[in-house]
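Coordinate inspection notes
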Amino acid sequence: MGGGERTSEEATVDEWARRATTVRVIGVGAMGRGIAQLAASGGLTVELADVRSDAVFAAVEHIGGMFDKLVGKGRMAADEAERAKGRLRPVGEPLTPFQDCDLVVEAVREDMETKRELFTALEKVCPAHTVFVTNTSSLPVTAIGAALHDPSRLAGLHFFNPVPLMRLVEVIPGARTAEWIPDALADLVRRLGHEPVLAPDAPGFLVNHAGRGLVTEAMQILSEGAAEPVDIDRIARDVLGLKMGPCELLDLTGMDVSHPVMESIWTGFYTEPRLRPSRIGRAQMEAGLYGRKTGEGFYQYVDGTKQEPPETVAPEVEARPVWVQGDVREELGALLSTAGVEVESGDEPSGQAVVFVAPFGQSTVQAADGLPLERTLGVDPFGGFFTRLSLSVHPGVDKEAGRAGLAALLATGRPVTVVRDAPAPVAQRLLAAIVNVGCGIAEQRLARPEDIDTAVRLGLGYPRGPLEWGEHAGAARVLEILRGLHGSTGDPRYRPSAWLAERAALDLPLTKGGTVPSDLTS
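Okay, the overall build of the chain next. A tally of helices and strands in the chain yields 22 helices and 15 strands. With respect to the principal axes defined by its C-alpha atoms, the chain has extents near 85 × 60 × 45 Å. Counting only residues that meet the buried cut, the chain has 52% of its 522 residues in that class. Restricting to contacts in the chain with at least 6 residues of sequence separation, those with at least 24 account for 68%. Accessible surface, the chain as shown: approximately 22,800 Å² in total, 51% of it carbon and sulfur. Side chains of the chain give 52 positive and 71 negative charges; the mean places of these two sets differ by 4 Å.

So, in structure tokens, the structure goes:
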């Protein structure tokens, strides 16, 4: 408000966030311990409580050991660690009388009735100024607060595991949360050195909702038989720059956890097609193929190590000249020529040449446009041919021509992934899904654009947030991919978000909200 007077709400936010000195953490499992460690290292007095009194003392010892490890690694001064340890106070039972507690953080098991019963009991014994927060990862904050006489004092504060290392925290107001509380909690999170984002009290909150784009599209590609799990993962890592591909990520989290989350978010948004899970996920869950924890999922694991097939090697085949479609002739042609591959320069391919086309938002067959299909292969242009190359094969390709084309690409020294021709190449489909789901969140005003991008970068580890990524790739280009997919499949999961379509038409950035009606009336 510039240099003018502050509102009473702003004063309340500043006063509470600055004054808060004591937090009670109820539930001392992995999440509770992590939250307590963060709070104690951030200068707060931390009361630890649990229905199991022995677990409370074990938690204090564990957290103290974590501080000692940080000292040993040079990440924390010894005197600072001792002060942090001194701020840990085991109080035993969750309802142990409260002296002066500013914040209660609930980190008990993920069960609605358990959480409701706890907060109902806390409401009767806590000071009136104490703010309640739930660390639920999936339950509606509004529904938890509905059991309270005063639900305005409850909000969600969703930390990610491991808490000290995962800097993101989702701040989730319920429908009746007091207006000042989300900002006050965000200020406190910053005080502890973490990064808050305002998330909606909607299925998946923000991070898990935004993460549906990648994994559900990967499962869709699998269900079409267009690529194998290792193909999708290698493309996701090498072309998109993700730390983990979607299939290995699902193996890590466990299909027993991931598939129910996918179904919950999908049904929570009344079967929104963009969020649709796959029969494959349910089948793997029911078969007990959870991933790493069971030794088998999309991959097999031996002594905890993922077993991954070797990269494709060049077939023994007689070399043929290649002809490259005009859109990428200069870039891909130069790469092939440098590798010693004969690249034809004519306006049309010779009778022996292998033909490379570069489909964008379409299949290889669609991109061929009159070229000899029996000798035409698709090479995904997304990413500029700098890392992994993706070769699309349609059913009508002559096998020897296809093998010669594969050998030519492998001559470049790039790894090559061979996939079945589909409505669009794998990398394009994954990216378009990520961007479209993020744009859908912005379109529904569930979160601010900057919070969407921050949540995805910090919470999911993507190199860019979905709106930033769409901006980097080009909104018009992403729109082209989605419209091509929607047109060729008729599947509503590919209908472009209005947020994306409008901004592409208006040449506005995906990362900005633009003008809204209230700008004219306020």
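Picking up after the structure, the text goes on.
In this section: the sheet that holds strand β14 (residues 389-393). Strand order in this open sheet of five strands is β11-β12-β13-β14-β15, and the pairing throughout is mixed. Looking at strand neighbours, the two that pair on one side only are β11 (322-324) and β15 (416-420), the edges of this open sheet. Put simply, the sheet's adjacent strands are angled 30° from each other on average, direction ignored. Sheet analysis places strand β12 (residues 354-357) next to strand β13 (residues 376-379), joined by three bridges and oriented parallel. Within β13, the position partnered with valine 355 by the bridge is threonine 376. Contacting β11, β12 and β13, helix α14 (residues 329-338) crosses the sheet at an angle of about 155° to β11. Running over the sheet, helix α16 (residues 399-410) touches β11, β12, β13, β14 and β15 and is turned about 65° from β12.

With that out of the way, let us pick up the packing of helix α3 (residues 53-72) against helix α4 (residues 78-86). At a closest axis distance of 9 Å, the pairing of α3 and α4 adopts a crossing angle of 170°. Classed by the angle they form, the pair α3 and α4 counts as roughly antiparallel. Only Ala78, Ala81, Ala84 and Lys85 of α4 make contact with α3, whose side of the interface consists of Gly64, Phe67, Asp68 and Val71. By residue class, the composition of the contact of α3 with α4 is five nonpolar, one polar and two charged.

Quick look at the environment of proline 173 now. Turning to its location among the elements, proline 173 is positioned in strand β7 (residues 168-173). Note on proline 173: relative accessible area 23%, which makes it partly exposed. In this structure, the C-alpha to C-alpha distance between proline 173 and valine 71, residues 102 residues apart in sequence, is 37 Å. Residues within four places of proline 173 in sequence aside, it is in contact with Pro182, Leu198, Ala199 and Asp201.

The end-to-end C-alpha distance of α3, which contains 20 residues, comes to 29 Å, matching closely the 28 Å that a straight helix rising 1.5 Å per residue would cover. All buried positions along α3 are accounted for by Ala55, Val56, Ala59, Val60, Ile63, Gly64 and Phe67. Elements that come into contact with the buried residues of α3 comprise α2 (30-41), β2 (45-49), α4 and β3 (88-92).

Overall, the coordinates contain 35 salt bridges when judged by the stated rule. Linking aspartate 256 and lysine 293 is a salt bridge whose minimum nitrogen-to-oxygen distance equals 3.1 Å. Here aspartate 256 is found in helix α12 (residues 255-268), whereas its partner lysine 293 is found in the loop between α13 (279-287) and β9 (300-302), with 37 residues between them in sequence. Residue glutamate 308 is joined to lysine 306 by a salt bridge in which the shortest nitrogen-to-oxygen separation is 3.0 Å.

What follows covers the sheet that holds β3. A sheet is described by the order of its strands in space; here eight strands give the open sequence β3-β2-β1-β4-β5-β6-β7-β8, paired in mixed fashion. Every other strand in the sheet has two partners, leaving β3 and β8 (195-198) as the edge strands with one partner each. Looking at each pair of strands side by side, their axes are set apart by 25° on average, direction ignored.

Evaluation of the coordinates by the stated rule reveals three aromatic pairs. Seen from their ring centres, phenylalanine 119 and phenylalanine 132 are 5.7 Å apart, and the 35° between their planes marks the pair as tilted. Within this pair, whereas phenylalanine 119 is found in helix α5 (residues 112-125), its partner phenylalanine 132 is found in strand β5 (residues 131-134), the two being separated by 13 residues in sequence. We note lysine 306 situated over the ring of tyrosine 299; from NZ or CZ to the ring centre the distance is 4.8 Å.

Take the confidence of the model for the chain next. Of all residues in the chain, 97% have pLDDT values of 70 or greater, and the mean over the chain is 95. The low-confidence segment residues 1-6, where pLDDT is below 50, has four contacts with residues more than four positions distant or belonging to other chains.

Take the environment of tyrosine 299 next. Looking at the secondary structure, you find tyrosine 299 in the loop between α13 and β9. Counting along the chain gives 211 residues from tyrosine 299 to leucine 510, while the straight-line C-alpha distance between them is 36 Å. Setting aside its immediate chain neighbours within four residues, tyrosine 299 contacts Pro229, Val230, Asp233, Cys247, Glu248, Asp251, Lys306, Gln307 and Glu308.

Once that is clear, we can look at the nonpolar core. Judged by nonpolar contacts, the single largest core of 87 residues is most densely connected at Leu122, Phe298 and Leu430. Here the element with the most residues in this core is helix α17 (residues 426-443); it accounts for 11 residues. Not counting residues within four places of it along the chain, the set of residues in contact with leucine 122 comprises Ile26, Pro94, Leu95, Phe98, Val104 and Phe132. Within the second largest apolar cluster, 40 residues are counted, among which are Ala36, Ile63, Ala184 and Leu188.

Moving on, we come to the environment of alanine 184. Examined against the element boundaries, alanine 184 turns out to sit in helix α7 (residues 180-191). In the structure, alanine 184 is positioned 166 residues away from arginine 18 in sequence and 9.1 Å away in space, judged by C-alpha atoms.

Time to look at the packing of helix α9 (residues 212-223) against helix α11 (residues 246-253). Relative to each other, α9 and α11 sit at 110°, their axes nearing to 9 Å. By the angle between their axes, α9 is roughly perpendicular relative to α11. Crossing geometry of α9 relative to α11 is assigned as left-handed. Here α9 contributes Leu214, Val215, Ala218, Met219 and Leu222 to the contact with α11, which in turn contributes Pro246, Cys247 and Leu250. Grouping the constituent residues of the contact of α9 with α11 by class yields eight nonpolar, no polar and no charged.

Here is what the cut-offs are and how they apply
- Residues numbered from 1 in each chain as written.
- Predicted model: local features only at pLDDT ≥ 70, side-chain atom pairs only at ≥ 80, totals over all residues.
- Heavy atoms only, no water.
- Helix = DSSP H or I, 4+ residues; strand = E, 2+ residues; numbered from the N terminus.
- Buried < 20%, exposed > 50% of the residue type's maximum accessible area, 1.4 Å probe, protein only.
- Contact = heavy atoms within 4.5 Å.
- Areas by Shrake-Rupley, 256 points an atom, 1.4 Å probe, with all protein chains shown as cover.
- Lys, Arg positive; Asp, Glu negative; His and termini not counted.
- Charge placed at Lys NZ, Arg CZ, Asp CG, Glu CD.
- Pairing = 2+ DSSP bridges.
- Axes fitted to C-alpha atoms, helices over the stretch in contact; angles between N-to-C directions.
- Parallel < 35°, antiparallel > 145°, perpendicular 65-115°, else oblique.
- Nonpolar A, V, L, I, M, F, W, Y, C, P; charged D, E, K, R; others polar.
- Expected span 1.5 Å × (residues − 1).
- Salt bridge = Lys/Arg side-chain N within 4 Å of Asp/Glu carboxyl O.
- Phe/Tyr/Trp six-rings, centres within 6.5 Å; stacked < 30°, edge-to-face > 60°.
- Lys NZ or Arg CZ within 6 Å of the ring centre and 35° of its normal.
- pLDDT = per-residue confidence, 0-100.
- Core = buried A, V, L, I, M, F, W, Y, C linked by side-chain atoms within 4.5 Å.
- Left-handed = near helix turned anticlockwise from the far one by under 90°.

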